[in-house]
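Examination of the molecular architecture
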Amino acid sequence: MPTVYYAPAGCSLVPHIVPKWIGAPYKAVKVRIGSEELLAMNPAGTVPTFREDSGWLLTRAGAILDDLGQKLSEAGLSGGDSIRAKCWSAFLTADLHASFWLIFMPNRHTINKSDAARKATVGAGVKLASQPLGIPNRHLGGRSVIDAYAFQMIRFGAKILQGGLQNFSDVQRLRDRIAAGPAVQKIIAREGRA
Ligand SMILES: N[C@@H](CCC(=O)N[C@@H](CS)C(=O)NCC(=O)O)C(=O)O
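Residues numbered from 1 in each chain as written. Predicted model: local features only at pLDDT ≥ 70, side-chain atom pairs only at ≥ 80, totals over all residues.

Topic: the pairing of strand 1 (residues 3–6)
The condition that has to hold: A pair of strands is treated as paired once DSSP finds two or more bridges between them. Helical segments are the DSSP runs of H or I of at least four residues, strand segments are the runs of E of at least two, and each set is numbered from the N terminus. A crossover gets the label right-handed when its path from the first strand over the helix to the second runs clockwise, viewed with the strands pointing away from the viewer.
Looking at chain direction, strand 1 and strand 2 (residues 27–30) are connected through 4 bridges and run parallel. In the strand pairing of strand 2, Val4 is matched with Ala28. The β-α-β motif built from strand 1, the intervening helix 1 (residues 13–22) and the parallel element strand 2 has right-handed crossover chirality.

Below, the structure is given as structure tokens:
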């Protein structure tokens, strides 16, 4: 059975959601980011990490989404036109996701250890994340590997933006619609915090 290695509340929620939507069998194993166990499989120590029964291993959220999208294409979750789906995947993994790093891990982005420097870095991250978050607001809205990824990025946004998603009504609707599904509710309950 394919195995998804995940960390609660991380972007690894995505390869959790997609097979669950269609009832494809998979195993979810909780790991600690950067742990020896994870590093032995994935030298970057990041989640998601994905492994087939054969031992075939895949890392990087975008590649995992692409792989799932292709394997599950008969379920119509690939995100439509493959070049468009790749474009969205790159946007979500490289642009939007990356903008959250300043907020979640400010110490990686400044060597100044003061509270003021940390606050300034987080503030810069919030500004950086607000702009690309408006893009899916105008374009997304289906049920595909791409929407699943957008879902978790939107949850990150809801958590860090002052006023939450009040300026992104379509994004809010996308989040609420995906969150309302029983498969996603089960996964969120299992992973715990938002
Ligand atoms: N570029 C990575 C991003 C994945 C990622 O950064 N995941 C986060 C959790 S949401 C993580 O594992 N961060 C740990 C770290 O960066 O050390 C990918 O595409 O898989």
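Describing the nonpolar core
Stated precisely, the cut-off is as follows: Residues enter a nonpolar core if they are buried, belong to Ala, Val, Leu, Ile, Met, Phe, Trp, Tyr or Cys, and are joined to the set through C-beta atoms within 7 Å. For the exposure call, what matters is how many other C-beta atoms sit within 10 Å of a residue's own: 20 or more marks it buried, 12 or fewer exposed, and in between partly exposed, using C-beta atoms placed from the backbone. Where each domain starts and ends follows an automatic or database-derived domain assignment. C-beta atoms are first placed from the backbone for all residues, and any pair lying within 7 Å is then listed as a contact.
Val14, Val18, Val145, Tyr149 and Ala150 are the most contacted members of the largest nonpolar core, which totals 41 residues. Mapped by element, the contributors of at least two residues to this core are strand 1, helix 1, helix 3 (61–71), helix 4 (82–99), helix 5 (101–104), helix 6 (115–139), helix 7 (145–160) and helix 8 (169–180). A domain-level breakdown of this core finds at least three residues from each of domain 1 (3–76 + 185–193) and domain 2 (83–181). Once residues lying within four places of it in the same chain are set aside, the contact partners of Val145 are Val18, Leu65, Leu68, Gly69, Leu77, Ser78 and Gly79.

Overview of the site of the ligand
Where we set the bar: Nearness here is judged by the C-beta atom: place it from the backbone, and if it falls within 6 Å of a molecule or strand, the residue counts as near that partner. When residue character is reported, Ala, Val, Leu, Ile, Met, Phe, Trp, Tyr, Cys and Pro are called nonpolar, Asp, Glu, Lys and Arg charged, and the others, Gly included, polar.
Around the ligand, the neighbouring residues are Ala7, Gly10, Cys11, Ile33, Gly34, Gly45, Thr46, Val47, Arg60, Ala61, Gly62 and Thr93. Residue composition of the shell around the ligand, by class: 5 nonpolar, 6 polar and 1 charged.

Quick notes on the sheet that holds strand 1
So the rule is basically this: For helices, the fitted line uses only the C-alpha atoms of the stretch in contact; every axis is such a line through C-alpha atoms, and the angle between N-to-C directions lies from 0 to 180 degrees.
In space, the 4 strands of this open sheet follow the order 2-1-3-4, with mixed pairing throughout. A strand with exactly one partner marks an edge of an open sheet, and here the two such strands are strand 2 and strand 4 (57–59). Looking at each pair of strands side by side, their axes are set apart by 20° on average, direction ignored. As judged from the 3 bridges shared by strand 3 (residues 49–51) and strand 4, these two strands associate in the antiparallel manner.

Concerning the environment of Trp56
Relative to the elements of secondary structure, Trp56 occurs in the loop between strand 3 and strand 4. Each C-alpha atom, one on Trp56 and one on Pro2, is 9.5 Å from the other, the two residues being 54 residues apart in sequence.

Here's the deal with the confidence of the model for the protein
Close inspection of predicted coordinates is inappropriate for parts of the model with low pLDDT. Here is the rule we go by: Scored from 0 to 100, pLDDT records how confident the predictor is in each individual residue.
With 95% of its residues at a pLDDT of 70 or more, the protein shows a mean pLDDT of 87. At the low end of the mean pLDDT range in the protein sits helix 6, at 84; at the high end sits helix 2 (residues 36–41), at 96.

Things to note about the domain arrangement of the protein
Looking at the protein, the domain boundaries give domain 1 (3–76 + 185–193) and domain 2 (83–181). Just the C-alpha atoms count here: the centres of domain 1 and domain 2 sit 19 Å apart. At the interface, 12 residues of domain 1 touch 10 residues of domain 2. Of all the secondary-structure elements, those providing two or more residues to the side of domain 1 that touches domain 2 are helix 1 and helix 3. For the side of domain 1 that touches domain 2, the element with the highest residue contribution is helix 3, accounting for 6 residues. Counted by class, the side of domain 1 that touches domain 2 contains 8 nonpolar, 3 polar and 1 charged residues.

Overview of unusual backbone geometry
Apart from glycine, the bulk of residues carry a negative phi angle, and the bulk of peptide bonds sit in the trans form. At the junction of Val47 and Pro48, the peptide bond is cis and its omega measures out at 0° in the coordinates. Assignment of secondary structure puts Pro48 in the loop between helix 2 and strand 3. For Ala9, which is not glycine, the phi dihedral falls at a positive 70°. Along the chain, the position of Ala9 falls in the loop between strand 1 and helix 1.

What to know about the UniProt feature "domain: GST N-terminal" (unreviewed entry) in the protein
Here is the rule: UniProt positions are given in the numbering used here, feature names are shortened, and annotations may be inferred rather than shown by experiment.
UniProt tags residues 20–71 as "domain: GST N-terminal" (unreviewed entry). End C-alpha atoms of residues 20–71 are separated by 14 Å, and the span's content is 38% helix alongside 19% strand.

Brief notes about the environment of Asp115
With respect to the helices, strands and loops of the structure, Asp115 is situated in helix 6. Classification of Asp115 by C-beta neighbours within 10 Å gives exposed; the count is 8. Asp115 sits 61 residues away from Ser54 along the chain, and the two C-alpha atoms are 48 Å apart.

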